[in-house]
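Next come the chains, spelled out residue by residue.
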Amino acid sequence: MDFSSWQGAMTTIVGLAVFTLLGVGIRMLIMQTIQQRRERMNRQINERLKTLMSAYRTLGGSFTGQLTVDPTHLRDLRQGARAAPDEGSALDAPASSDRSRRIRDAVEAALADILLLGTEEHCRLAGQAAADLAAGRPIHTADLVISLRGFIRAALDLGPVPGDVIIPLQGPTRAQAGAGRGKGDADRGGNKGAATEMEGGSGAMGIQVAPGMGRNEGGHA
């Protein structure tokens with residue numbers, strides 16, 4: 001710093017201004033980098049929590065009924081029906097396995113998500129459940145659901161479930177098959193109605209156009 005002359009004072013002021021601008025620019029660059037990293041981490045955490053919450057609802061959305069996951073495939077039921085021919089069992093097997101098949105598919109997808117984004121404990125429980133399913137053994141998802149519930153509540157800064165609250169064992173959400181079938185029937189009915197209207201419209205157009213075509217042909221003759 002030199003304020004002995006106006007040239008030295010001007011040089012000092014310009015130097016301080018340049019130094020201040022460089023400091024502010026570096027500070028803004030660092031803050032922007034930190035903010036972008038924080039936003040990326042927040043997005044990752046939100047996506048992870050969203051996926052684990054969806055898996056929690058899939059694995060623990062039921063408190064009553066059958067709380068186990070049946071790994072039996074339709075081909076196994078057909079093979080059993082061929083080995084022990086029984087008309088009643090052969091007819092009831094596909095209908096009874098439809099819901100269990102949907103539940104098994106949803107549980108397998110949820111286990112895959114947990115193996116991808118879960119903690120070490122989640123991966124261990126999900127891996128054991130996946131191994132049991134692959135081996136053809138029915139599984140319970142209650143332990144994995146309890147672990148997921150504790151992790152999600154801790155991640156959302158929620159306290160643990162009070163000790164006086166009794167939570168029964170939870171099982172996989174029962175799949176609803178009526179909605180999709182009803183929608184498909186409605187779509188098919190709408191397509192049939194549209195086809196009928198098109199046929200009726202084309203018939204009416206044919207009736208209106210035919211006399212005109214006859215007059216044109218007569219005039220030309």
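Keep in mind that what you see is a predicted model, and the values were worked out from it rather than measured. (Residues numbered from 1 in each chain as written. Predicted model: local features only at pLDDT ≥ 70, side-chain atom pairs only at ≥ 80, totals over all residues. Heavy atoms only, no water.)

Some thoughts on the UniProt feature "transmembrane region" (unreviewed entry) in the protein
- Here, the residues flagged by UniProt with the feature "transmembrane region" (unreviewed entry) are residues 6–30.
- Each end of residues 6–30 is marked by a C-alpha atom, and these two atoms are 36 Å apart; helix forms 100% of the span and strand 0%. (UniProt positions renumbered as here; feature names shortened; annotations may be inferred. Helix = DSSP H or I, 4+ residues; strand = E, 2+ residues; numbered from the N terminus.)

Section: helix α4 (residues 120–134)
- Helix length check: α4, at 15 residues, gives a terminal C-alpha distance of 21 Å against a target of 21 Å (1.5 Å per residue), a fit within 8%.
- Within α4, the full set of buried residues consists of His122, Ala126, Ala129, Asp132 and Leu133. In a view along the axis of α4, the buried residues occupy a sector of 120 degrees, so they form one face of it. Pointing more than 90 degrees away from the buried face of α4 are the exposed residues Glu120, Arg124 and Ala134.
- Once α4 finishes, Gly136 follows within two positions and takes phi at roughly 85 degrees, a positive value. (Expected span 1.5 Å × (residues − 1). Buried < 20%, exposed > 50% of the residue type's maximum accessible area, 1.4 Å probe, protein only. Arc of directions from axis to C-beta.)

Quick look at the nonpolar core
- Formed by 19 residues in total, the largest nonpolar core has its most connected members in Leu59, Val107, Leu111, Ile114, Leu144 and Leu148.
- Elements that contribute at least two residues to this core include exactly α1 (6–60), α3 (87–117), α4 and α5 (142–155).
- Looking at this core, the element that brings in the most residues is α3, giving 5 residues.
- Aside from chain neighbours lying at most four places away, what touches Val107 is Thr58, Leu59, Val69, Leu133, Ile139 and Pro172. (Core = buried A, V, L, I, M, F, W, Y, C linked by side-chain atoms within 4.5 Å. Contact = heavy atoms within 4.5 Å.)

So, α1
- Its 55 residues place the ends of α1 79 Å apart at the C-alpha level, agreeing with the 81 Å of an ideal helix rising 1.5 Å per residue.
- Looking at α1, one finds that the buried residues are Gly8, Ala9, Thr12, Leu49, Leu52, Ala55, Tyr56, Thr58, Leu59 and Gly60.

Considerations on the side chain of His122
- Tracing the sequence through the fold places His122 in helix α4.
- Residue His122 is classed as buried on the basis of its relative accessible area, which comes to 1%.
- For His122, the contacting residues outside a window of four places in its chain are Ile114, Leu144, Ser147, Leu148 and Phe151.

Observations concerning the environment of Gly65
- Relative to the helices and strands, Gly65 is located in the loop between α1 and β1 (68–69).
- A sequence separation of 105 residues divides Gly65 from Gln170, and the C-alpha atoms of the two residues are 9.9 Å apart.

A closer look at the pattern of salt bridges
- A complete count under the given rule lists 7 salt bridges for this structure.
- The partner of Glu47 in a salt bridge is Lys50, with the nearest N and O atoms 3.8 Å apart. In this pair, Glu47 and Lys50 both sit in helix α1, 3 residues apart, roughly one turn of the helix.
- Its salt-bridge partner being Arg101, residue Asp105 comes within 4.0 Å of it at the nearest N-O pair. One end of the pair, Asp105, and the other, Arg101, are both in helix α3, 4 residues apart, so they sit about a helical turn from each other.
- Under the relative-accessibility criterion, Arg101 is labelled partly exposed at 31%.
- Bridged by salt links that share partners, the residues Asp98, Arg101, Arg102, Arg104, Asp105 and Glu108 form one connected network. (Salt bridge = Lys/Arg side-chain N within 4 Å of Asp/Glu carboxyl O.)

Overview of unusual backbone geometry
- Even without being glycine, Asp157 reaches a positive phi, approximately 60 degrees.
- With respect to the helices, strands and loops of the structure, Asp157 is situated in the loop between α5 and α6 (178–220).

Some thoughts on the packing of α1 against α5
- α5 packs onto α1 with a crossing angle of 145 degrees between their chain directions and a minimal axis gap of 10 Å. Every pair of crossing elements has a handedness; the one defined by α1 and α5 is left-handed. Contacts from Arg48, Leu49, Leu52, Met53, Tyr56, Leu59 and Gly60 of α1 reach α5 at Leu144, Val145, Leu148, Arg149, Phe151, Ile152 and Ala155.
- Its residues placed into classes, the contact of α1 with α5 shows 11 nonpolar, 1 polar and 2 charged. (Axes fitted to C-alpha atoms, helices over the stretch in contact; angles between N-to-C directions. Left-handed = near helix turned anticlockwise from the far one by under 90°. Nonpolar A, V, L, I, M, F, W, Y, C, P; charged D, E, K, R; others polar.)

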